[in-house]
Amino acid sequence: MTDFAHSDNPVSMPTTLKLPLASLKLTIDLADFDIPKAPKQHLSILGQNRAQSALEFGITMPNAGYNIFVMGEPGLGRLSMITQHLEALAHTQPAPPAYAYVDNFSNPREPVAIQLPAEQGQTFSKDIEKLIDDLLATFPAAFESPTYQQKKTAIERQFNQTYNNAIDLVDIKAQMLDIALFKDGESISFAPVQDKKSLNEEQFNQLPPSERELFHKHVEELEEYLSDVLLELPQWRRNLVEKIKQLDNETITQAIDPLFAELQDKYEDVEDVITYLVEIKNNLDSTIADYLIPGKTQEPRDSSAKRLMLNELYAPNIVVDQKKETGAPVVYEPHPIYQNLFGRIEYASDQGTLVTNYQKICVGSLHKANGGYLILDAEKLLTYPFVWDGLKRALQSGRIEIESPYSELGINTITLKPEVIPLNVKVILIGSRDIYYLLEELDDEFNEMFKILADFDDQIPLTDETLKHFAMLMIKQAADLGTRPLTRAAIERLIEHSCRLAESQHYFSARIKDSLEIIAEANQFCRQAHDGICDSPHIELALAARENRNGRISQNILEDMLDGTILIDTAGEAIGKINGLTVLEVGGSNFGAPARITTTVYPGSRGIVDIEREAELGQAIHSKGVMILTGYLGHFYAQQFPLAISASIAIEQSYSFIDGDSASLAELCCLISALTRTPIKQSFAVTGSINQYGEVQAIGGVNEKIEGFFRLCQARGLDGQHAVIIPAVNKRNLMLNQEVIDAVAQGLFSVFAVSNVEETLELLTGQAMGTLDGEGNYPENSINFKAISRLKEISELASEDEKEGAA
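Described in the following lines is the structure provided in the data block. Nothing here was measured: the structure is a model prediction, and the numbers come from that model. Going along each chain's sequence as written, the residues are numbered from 1 onward. Only residues with pLDDT of 70 or above have their local features reported here, since the model is predicted, and side-chain atom pairs are shown and tallied only from 80 upward, although totals for entire chains, interfaces and linings are computed over all residues. Computation of side-chain values covers all heavy atoms of the structure but excludes hydrogens and water.

**Focus: the packing of aromatic side chains**
Phase 1 of the analysis: Put simply, two rings from Phe, Tyr or Trp (the six-membered ring, in Trp's case) pair if the centres are within 6.5 Å, and we call them stacked under 30 degrees between planes, edge-to-face over 60, tilted for the rest. What the rule picks out here adds up to 18 aromatic pairs.
Phase 2 of the analysis: Relative to Phe 446, the ring of Trp 388 has its centre 6.4 Å away and its plane inclined at 45°; by these criteria the two rings are tilted. With Trp 388 in helix α13 (residues 387-397) and Phe 446 in helix α15 (residues 446-449), the pair connects residues that are 58 residues apart, well separated along the chain.
Phase 3 of the analysis: When accessible area is computed with a 1.4 Å probe and restricted to protein chains, residues below 20% of their type maximum are described as buried, those above 50% as exposed, and intermediate ones as partly exposed. According to the relative accessible area criterion, Trp 388 is buried, its value standing at 9%.
Phase 4 of the analysis: Chaining the aromatic ring pairs together yields one cluster made of Phe 69, Trp 388, Tyr 436, Tyr 437, Phe 446 and Phe 450.
Phase 5 of the analysis: Counting as a charge over the ring demands two things of the Lys NZ or Arg CZ atom: a distance within 6 Å of the ring centre and an angle within 35 degrees of the ring normal. The ring of Tyr 225 carries Lys 173 above its face, with NZ or CZ at 4.6 Å from the centroid. Each helix corresponds to a stretch of at least 4 residues labelled H or I by DSSP, and each strand to a stretch of at least 2 residues labelled E; elements are numbered beginning at the N terminus.

Here's what the structure looks like:
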């Protein structure tokens, strides 16, 4: 058996693959930019031309269903940017009408909604308050006037005269019968008369029985006659009451007409108000008669009690009233439960009973945003029960109805049914891509109501325009936050950090929120140092402090590597062992760390076994990457004989789920090392994915991976041999920390970019891969030659075993 442990054909390390310093990081220079002071005017949405165009179209589209779904990941500043954009636009639009709820005097259970011009709601409320004050000043004074009293006395005198005339007729007849008539109030009695004197009871008893009997007979006649003459007394009383009531109503009308005349002139163009004033005027007849006429109330009331009673009856409940100068409303509802969105009716306890009235109607965000824009968080909206269906009903019907969401469940907790209010609102939902596609798939009505998609990009191209816009936005936000002024160098460092977040030298991150947080954190260091400006060192301090706060786990892993708990070699050579690179995500922290990958190869036809998948730790994409290795081996080495191999690949000391195919390049190199028994330099770490033809493909987290291996090498001592191999297509993603760049500048660390497996293996082994000659053979002792020889040897062993098994 040929010994492939040592190579007789070493090659020098290709310098063309080593990346120069300029490739390791994009340096931002704003020296040619004229950066202004904090702009006062509204800035357009940064770098989101597609989303802004969709937003502007959706806002101006008046047709129903053109509500907007703003799609993007959290942290892009969607809410603040959209709010600012809408507020600037809303100032140019007319303010919507005001709405108030008032009592429905014919059916108090169904309060009436009245519409007023913008900014007149509170004015109307104050006018009604003044009306109530005027009523309290007018009544009961109007009933104490001489004119009223004279008219009332005349009516009563006419009644008394009619009554007395009837009694006089009875008195005349009684005198003819020698009987005296006595009237005590409304009580009438009779007594016998003798010698022109009425007799008392004792004298009456001394009369002869015949005279007494005759007296009783005459009294019966008189009482019968009295009944006849007073037969119409109830009608006379009804006429009296009716005339006094008519007098009261005429007095009330004469007294309140001047009070209402001014209001009717003021609101003559507001139909709902005129109608309500008429209703108040009609209802006041009974209210004043019952509560404000002296002597008619059962319990005397002081002025405050009367005012409270009148307020409860007539004061409007102003639910929405926008100022004209504010324009259309822009409302963000952070807690969109049903009651906050659609309104609710409150209750008060009255002697243990829950009571309510139109004054206790509380409106929701839909009412406040009516005539303007309502911004909602899609995830929260879908979290709370009944809200999504209720919002769809409101948008489809074009009206807002305050009702109990539990009525469908048979739980009836509402005692009022307020009149619906017309709805004219543009709803802007803010949510992630997952929520958008979920709604699109599961709700057939979703696309009918949210026809506009404003898709926010995660990255913004680096152009002169976007750089200047970013700088102006940072300056404006710093001014708005009250932080120290930003220097040009600070802005340059913020842009560089944003590029790192985007993992690109051609784009910066659209997560503006991260930059704003860094400004706030850097400002804290400015205050501590009593510096008047926020410069690049303050930004660096903020970034370093953030990394330190989130760095406990990465530091623990590094310490485990240094003390040998986690086995990672950074010097020497080894067969079937390689340093892969991983990115760990823990909470809000991402950091890179090297991981040892090992491979064993032995005769058999079991294939390549992914130990992570067998242990159910490897996820689908990682397993796919391992399967590609078989395709590579078959394509390059098994064209002349069957591929028969048994190999096991493992990421050592990994105890959690693994996903992604960025280790497939390292796994293939490790497999070929074990197959050919060619040692790999342990001072290298490798990351990259591959296809079946050996082309190296892009991966994510390249900066964190390089820095994770660099920290380990730095802790053990850099000697100029340490290096990282990355895909060539990832050069555009490099935004490395300054300490890595400084080490590269000093020749202590290197970064290589490769395009295929051959380049990678030559770097790792220092040996030539070999190319096919005219006869289709690889040079002897090249890695490819060793691989074919070894695979052929294993294939022959497998073939012999099959023959023996068949025999």
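Alright, that's what it looks like, and here's the rest.
**Observations regarding the sheet that holds strand β16 (residues 426-431)**
Phase 1 of the analysis: Two strands make a pair as long as DSSP finds a minimum of two bridges between them. Reading across the sheet, the five strands line up as β8-β13-β16-β1-β17 and stay open at both edges, with parallel pairing between neighbours. Both edges of this open sheet fall to β8 (330-333) and β17 (452-455), since each of them pairs with a single strand only. Strand-to-strand, the axes of this sheet are offset by a mean angle of 20°, without reference to chain direction.
Phase 2 of the analysis: Across four bridges, β8 lies against strand β13 (residues 373-377) in parallel orientation. What sits directly across from Tyr 332, in β13, is Ile 375. Helix axes are fitted to C-alpha atoms over the stretch in contact, other axes to C-alpha atoms as well, and angles between N-to-C directions run from 0 to 180 degrees.

**Some remarks on the pattern of salt bridges**
Phase 1 of the analysis: Any Lys or Arg side-chain nitrogen found within 4 Å of a carboxyl oxygen on Asp or Glu counts as a salt bridge. Under the definition given, this model contains 24 salt bridges.
Phase 2 of the analysis: One salt bridge connects Asp 134 with Lys 130, and the closest N-O pair in it is separated by 3.2 Å. Of this pair, Asp 134 and Lys 130 both sit in helix α3 (residues 121-138), four residues apart, which is roughly one turn of the helix.
Phase 3 of the analysis: Classification of Asp 134 by relative accessible area gives partly exposed; the value is 24%.
Phase 4 of the analysis: Glu 540 is paired through a salt bridge with Arg 493; the nearest N and O atoms lie 2.5 Å apart. One end of the pair, Glu 540, is in helix α19 (residues 536-549); the other, Arg 493, is in helix α17 (residues 488-502), with 47 residues separating them in the sequence.
Phase 5 of the analysis: The exposure class of Arg 493 is buried, given its relative accessible area of 13%.

**Points about the layout of surface pockets**
Phase 1 of the analysis: Using a grid of 1 Å spacing that covers the protein atoms alone, one calls a set of points a cavity when a 1.4 Å probe fits there but cannot get out, and a pocket when the set is open and has protein on both sides within 12 Å along at least five of seven lines; lining residues are those with an atom within 4 Å of a point. Grid points are joined across faces, edges and corners, and a volume is the space filled by probe spheres set on the points. If you add up the space inside the second largest pocket, you get close to 500 Å³.
Phase 2 of the analysis: Lining the second largest pocket are 27 residues, and of these Pro 62, Asn 63, Asn 424, Val 425 and Lys 426 lie nearest its centre.
Phase 3 of the analysis: Contributing elements (two or more residues each) for the lining of the second largest pocket: α13 and α15.
Phase 4 of the analysis: If you tally residues by element for the lining of the second largest pocket, the top one is α13, at four residues.
Phase 5 of the analysis: Split into classes, the residues belonging to the lining of the second largest pocket amount to 15 nonpolar, 10 polar and two charged. Residues are grouped as follows: Ala, Val, Leu, Ile, Met, Phe, Trp, Tyr, Cys and Pro are nonpolar; Asp, Glu, Lys and Arg are charged; all remaining types, including Gly, are polar.

**Concerning the side chain of Glu 707**
Phase 1 of the analysis: Inspection of the secondary structure assignment puts Glu 707 in helix α24 (residues 702-716).
Phase 2 of the analysis: On the accessibility criterion, Glu 707 (5% relative accessible area) is buried.
Phase 3 of the analysis: We call two residues contacting when some pair of their heavy atoms lies within 4.5 Å. Filtering out sequence-adjacent residues up to four positions away, Glu 707 remains in contact with Arg 500, Met 735, Leu 736, Asn 737 and Val 740.

**Considerations on unusual backbone geometry**
If a residue is not glycine, its phi is most likely negative; likewise, a peptide bond is most likely trans.
Phase 1 of the analysis: Phi is positive for Phe 386, which is not a glycine, with a value near 70°.
Phase 2 of the analysis: Tracing the chain through its elements places Phe 386 in the loop between α12 (378-383) and α13.
Phase 3 of the analysis: Of note, Glu 503 is a non-glycine position whose phi angle comes to about 50°, a positive value.

**Overview of a negative patch on the surface**
Phase 1 of the analysis: Among the surface-exposed residues, Glu 220, Glu 221, Glu 223, Glu 224 and Asp 228 lie close enough to one another that they form a single negatively charged patch.
Phase 2 of the analysis: Topologically, Glu 224 is positioned in helix α6 (residues 209-229). Residues qualify for a patch when their relative accessible area is over 30% and they have no salt bridge, like charges being joined within 9 Å and the nonpolar side chains of Val, Leu, Ile, Met, Phe, Trp and Tyr within 5 Å. To measure how exposed things are, a 1.4 Å probe is used in the Shrake-Rupley method; for residues, cover is taken only from the protein chains shown. For the purpose of counting charges, residues Lys and Arg are taken to be positive, whereas Asp and Glu are taken to be negative. His and the chain ends are not included. Note on charges: their place is set at NZ of Lys, CZ of Arg, CG of Asp or CD of Glu.

**Focus on the sheet that holds strand β6 (residues 197-198)**
Phase 1 of the analysis: Read across the sheet, three strands follow the order β4-β5-β6 without closing on themselves; strand pairing throughout is antiparallel. Both edges of this open sheet fall to β4 (179-184) and β6, since each of them pairs with a single strand only.
Phase 2 of the analysis: The pairing of β4 with strand β5 (residues 187-194) spans six bridges and is classified as antiparallel. Across the sheet, residue Leu 181 finds its bridge partner in β5, namely Phe 190.
Phase 3 of the analysis: Lying over the sheet, helix α4 (residues 146-176) contacts β4 and β5, oriented at roughly 155° with respect to β4.

**A closer look at helix α8 (residues 271-291)**
Phase 1 of the analysis: A helix's residues, less one, multiplied by 1.5 Å, set its expected span. Helix length check: α8 (21 residues) gives 29 Å between terminal C-alpha atoms against 30 Å at 1.5 Å per residue, within 8%.
Phase 2 of the analysis: Note on bend: the value at a residue is the angle between axes fitted to the seven residues ending there and to the seven starting there. A bend of about 35° at Leu 284 is the largest found in α8.
Phase 3 of the analysis: Along α8, the residues classified as buried are Val 273, Tyr 276, Leu 277, Ile 280, Asn 283, Leu 284, Thr 287, Ile 288 and Ala 289.
Phase 4 of the analysis: Contacts from the buried residues of α8 go to β2 (98-102), β3 (112-116), α3, α7 (233-266) and α9 (303-314).

Take it as geometry only, folks, not as evidence of what the structure does.
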